[in-house]
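Spelled out, the chains give:
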Amino acid sequence: MKPTDISDPNYFHKVVDCQWACPAHTPVPEYIRLIAEKRYTDAYMINWVSNVFPGILGRTCDRPCEPACRRGRIEEEPVAICRLKRVAADYKSDIKGRLPLVPSKKNGKHIALIGAGPASLTVARDLLPLGYEITLFERDDVSGGAMRTQIPRFRLPAEVLEEELNYILDMGINCRFGEEITSMKAVLAEGYDAVFVGTGAPLGKSLNLPGREEAAENIHTGIEWLASVAFEHVTAVGKKVIVLGGGNTAMDCCRTSKRLGGEDVTVVVRSGFDEMKASPWEIEDAINEDIPILNFHVPKRYVLEDGKLVGMEFEKVKKEFDENDRRLLVPTGEDPVIILCDDVLCAIGQENSFPWIERDIDLEFDQWELPTIDKTTFQATNKKVFFGGDAALGPDNIITAVAHGHDAAVSIHLACNDLDVKKRPNPLTCLDSQKMGIHQWSYDNDISNDVRYAVPHAEKEKTLNDLNIEVELGFDESLAFHETMRCLNCDIQTVFTDKLCIECDACVDICPTDCISFITNGKEDDLRVRMLAPAANIEQAIYVSDKLLTGRIMAKNEDLCLHCGLCAERCPTSAWDMGKYLFNTAKAADACPN
């Protein structure tokens, strides 16, 4: 293998597994260290620049960072990264003086945003400080999109939502609330320099089974029902409720039903528990509220009496696999299951809907009616139009929508300056040694086992009687500090200088995971299996040095490294150093030369 090029921005970035996994690439260890120092406002601003909605995401994020966390290499539970983000939001001071200034003199470019969800607001947050005029169209009377309509207030309090939305709205957006766009052709005719579409995936799927038409009054689409609850158009539900689906929307529907009068609420899933799309913690919260979840039940029909919905019939199935290893749901042959109900909430998926976009304006769509876009630039086939969030690639999550917004803002800024949208700005990176003396380092890493700290919850007797009481209370400062100590600082990288190495193997002896090997070089497949600890995860690169004096090389299994620093502490020649690697994705402000 050739020596590793550690100057490649993505090399060390990929080793910071939590940041790499985050769609917005938030510098996770950096803000966790600041929380440990009680520098909550600084930690919040690192998040705000990256993920835009720290208080919202600290309560609602799907947490792609946590399964990637290196703490999971040495014990069962990762660091509670998401909940620490909330700590920064809960304990910060006033940040208004830290927000970017918006010039009163504009740059002459006018951008239209359609939909006031997280993707559109991220575009506005990135472009307003650059002097763009921004006009935001939203069919509802308020902003927030799915953050407002699909997430109940017992998970996301209204004051947290309003605070973080207003940070952006108060920057000077021309807000046209209550104005639904019915023609993209008409929008383009107004002469905007670019149009960004962030309308989400607004159509919930329904289940057309026998009895559906007769029982329509008591059969509801999950996301539309949640929106009606959010806007207080719906304030009650039947005493017996069936929720169909295994995603987060289903968990929000069943928990909301309990608070609106549902005494007997049941979630029914057609597949196994291991295939449920809901986040494990959302499922756990539903179960803790005494909501049963029945799996391997396939809905067959709505049961009616005198033309009124009284229940649903389900067929029990089991999971089998065919000769091509495809999963099949096979009837068990047992008698059908009848579950009584007054209302049914269908939370079985969402779809995009673009009836308002004409098909004769050079804007192409694929077979799933999703726009044909460049997945790096988010530019559509009509070069003035950009998409982001669920509107771009189908239903996903808030943090992904934010990442799309950042990328689209870069593209819009490049396009408005007549530059190539595919020539993206480089990320902002630095690698600084943390050595302070022969045996002193600027950080501390404790790799001993330390179980994840539980987040306190409000009393169930109170929360189930009020839709607006937040269930999770968040960490207090003491719990937050102890949880930050579980972070392994995986952005503190092991940096190897081959010319200083005397091949004493002291680092090999002290390494707690046997991730360092001094061996003869070879092809990657061969090298991976010959290391002291074979590097089975091919998604993670091996750190390989140039040839040493004996002809061997140093090869390090990055996947197993805990960044503990013991190799650098033990090395007698300082061939090993610990360098803090900071990676920030480039934003629109970095896209064009001054």
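In this text the structure is predicted, and so the values were computed from the model without any measurement.

### A look at the overall build of the chain
Counting secondary structure elements, the chain contains 21 helices and 24 strands. Taking 2.2 N^0.38 as the reference for a compact globule, 594 residues should give roughly 25 Å; the C-alpha atoms of the chain span a radius of gyration of 27 Å, in line with that estimate. Taken along the three principal axes of its C-alpha coordinates, the chain extends 90 × 65 × 50 Å. The proportion of buried residues among the 594 residues of the chain is 54%. In the chain, once contacts between residues fewer than 6 apart in sequence are set aside, the share between residues at least 24 apart is 72%. Of the accessible surface of the chain, which amounts to about 26,200 Å², a share of 49% is contributed by carbon and sulfur atoms.

### Observations regarding the packing of aromatic side chains
Taken as a whole and judged by the stated rule, the model has eleven aromatic pairs. Ring plane angle 35° and centroid distance 5.4 Å describe the contact between Tyr40 and Tyr91, whose orientation is recorded as tilted. Note that Tyr40 is positioned in helix 4 (residues 40-51) and Tyr91 in helix 7 (residues 81-91), a separation of 51 residues in sequence. Residue class for Tyr40 comes out buried when judged on its relative accessible area of 7%. For Tyr91, a relative accessible area of 31% gives the class partly exposed. On the basis of an interplanar angle of 65° and a centroid distance of 6.5 Å, the ring pair of Phe496 and Phe518 is categorised as edge-to-face.

### Quick word on the sheet that holds strand 8 (residues 264-268)
Here five strands make up an open sheet; going across it, the order is 6-14-7-8-9 and the pairing parallel. In this open sheet, the two strands that pair with only one neighbour each are strand 6 (219-221) and strand 9 (293-294). With two bridges connecting them, strand 8 and strand 9 associate as parallel partners. Following the sheet pairing, Val267 is matched in strand 9 by Ile293. Packed onto the sheet, helix 13 (residues 248-259) meets strand 7 (240-244), strand 8, strand 9 and strand 14 (343-346) and runs at close to 170° relative to strand 8.

### What to know about the pattern of salt bridges
Taken as a whole and assessed by the stated rule, the structure comprises 47 salt bridges. Residues Arg552 and Asp505 are paired through a salt bridge, measuring 3.6 Å at the closest nitrogen-oxygen approach. Taken as a pair, Arg552 in the loop between strand 22 (542-544) and strand 23 (553-557) and Asp505 in the loop between strand 20 (492-496) and helix 19 (506-510) lie far apart in primary sequence, 47 residues in all. Residue class for Asp505 comes out partly exposed when judged on its relative accessible area of 24%.

### Regarding the packing of helix 4 against helix 16 (residues 398-416)
Contact geometry for helix 4 and helix 16: axes closest at 9 Å, N-to-C directions at 70°. As judged from the angle between their axes, helix 4 and helix 16 are roughly perpendicular. Residue-level contacts link Val49, Ser50 and Asn51 of helix 4 to Ile399, Val402 and His406 of helix 16. Residue composition of the contact of helix 4 with helix 16, by class: three nonpolar, three polar and no charged.

### Topic: the nonpolar core
Grouped together as the largest cluster of nonpolar side chains are 64 residues, with contacts concentrated most on Phe53, Met184 and Phe387. Of the residues forming this core, the biggest block, eight residues, is contributed by helix 16. Grouped together as the second largest cluster of nonpolar side chains are 29 residues, Val16, Cys69, Ala88 and Tyr167 included.

### Structural notes on the domain arrangement of the chain
Domains assigned within the chain are domain 1 (101-202 + 352-416) and domain 2 (204-349). With centres defined by C-alpha atoms, the gap from domain 1 to domain 2 works out at 32 Å. At the interface, eleven residues of domain 1 touch twelve residues of domain 2. Summing both sides of the interface, domain 1 and domain 2 together bury roughly 930 Å²; the carbon and sulfur share of this comes to 59%. One can count two salt bridges joining domain 1 with domain 2. Linking domain 1 to domain 2 there are three residue pairs in polar contact (both at pLDDT 80 or more). Classifying every residue of the side of domain 1 that touches domain 2 gives six nonpolar, two polar and three charged.

### Describing the sheet that holds strand 24 (residues 576-584)
Paired through their backbone hydrogen bonds, the strands of a sheet run either parallel or antiparallel. Taken together, three strands build an open sheet; the order of strands is 17-24-20 and the sheet is antiparallel. In this open sheet, the two edge strands, each paired with only one partner strand, are strand 17 (428-433) and strand 20. Here the strands of the sheet are splayed against their neighbours by 35° on average, with no regard to which way each runs. One ladder, built from five bridges, connects strand 20 with strand 24; its direction is antiparallel. Residue pairing in the sheet places Thr494 in a bridge with Met578 of strand 24.

### Observations concerning unusual backbone geometry
Of note in this structure, Glu232 is not a glycine but carries a positive phi near 60°. Structurally, Glu232 is set in the loop between helix 12 (222-230) and strand 7. Despite not being glycine, Asp290 shows a phi value in the positive range, around 65°.

### Focus: the state of the cysteines
Within this structure, the stated rule accounts for zero disulfides. Free of any disulfide, Cys511 has its nearest neighbouring cysteine sulfur in Cys515, separated by 3.5 Å. With relative accessibility at 11%, the residue Cys511 sits in the buried group. Free cysteine Cys564: the closest other cysteine sulfur is in Cys567, separated by 6.3 Å.

### Side note on helix 7
Counting buried residues in helix 7 gives nine out of eleven residues, a clear majority hidden from the surface. Considered for burial, the residues of helix 7 that qualify are Ile81, Cys82, Arg83, Leu84, Lys85, Arg86, Val87, Ala88 and Ala89.

### Section: helix 8 (residues 118-127)
Every α-helix carries 3.6 residues per turn, so stepping three or four residues along brings you back to the same face. The element helix 8 is extensively covered by neighbouring structure, given that ten of its ten residues are classed as buried. Along helix 8, the residues classified as buried are Pro118, Ala119, Ser120, Leu121, Thr122, Val123, Ala124, Arg125, Asp126 and Leu127.

### Quick notes on the side chain of Lys587
In this structure, Lys587 sits in the segment after strand 24. Despite being buried, Lys587 has no salt bridge partner; Asp590 is the closest side chain of opposite charge, sitting 6.4 Å away. Setting aside residues up to four positions removed in sequence, Lys587 forms contacts with Val49, Ser50, Asp126, His406 and Val410.

Conventions adopted
Residues numbered from 1 in each chain as written. Predicted model: local features only at pLDDT ≥ 70, side-chain atom pairs only at ≥ 80, totals over all residues. Heavy atoms only, no water. Helix = DSSP H or I, 4+ residues; strand = E, 2+ residues; numbered from the N terminus. Rg over C-alpha atoms; globule rule 2.2 N^0.38 Å. Buried < 20%, exposed > 50% of the residue type's maximum accessible area, 1.4 Å probe, protein only. Contact = heavy atoms within 4.5 Å. Areas by Shrake-Rupley, 256 points an atom, 1.4 Å probe, with all protein chains shown as cover. Phe/Tyr/Trp six-rings, centres within 6.5 Å; stacked < 30°, edge-to-face > 60°. Pairing = 2+ DSSP bridges. Axes fitted to C-alpha atoms, helices over the stretch in contact; angles between N-to-C directions. Salt bridge = Lys/Arg side-chain N within 4 Å of Asp/Glu carboxyl O. Parallel < 35°, antiparallel > 145°, perpendicular 65-115°, else oblique. Nonpolar A, V, L, I, M, F, W, Y, C, P; charged D, E, K, R; others polar. Core = buried A, V, L, I, M, F, W, Y, C linked by side-chain atoms within 4.5 Å. Domains from an automatic or database assignment. Buried area = accessible area lost by both parts, 1.4 Å probe. Polar contact = N/O pair within 3.5 Å; in protein donor to acceptor, adjacent residues only side chain to side chain. Disulfide = S-S within 2.5 Å. Lys, Arg positive; Asp, Glu negative; His and termini not counted.

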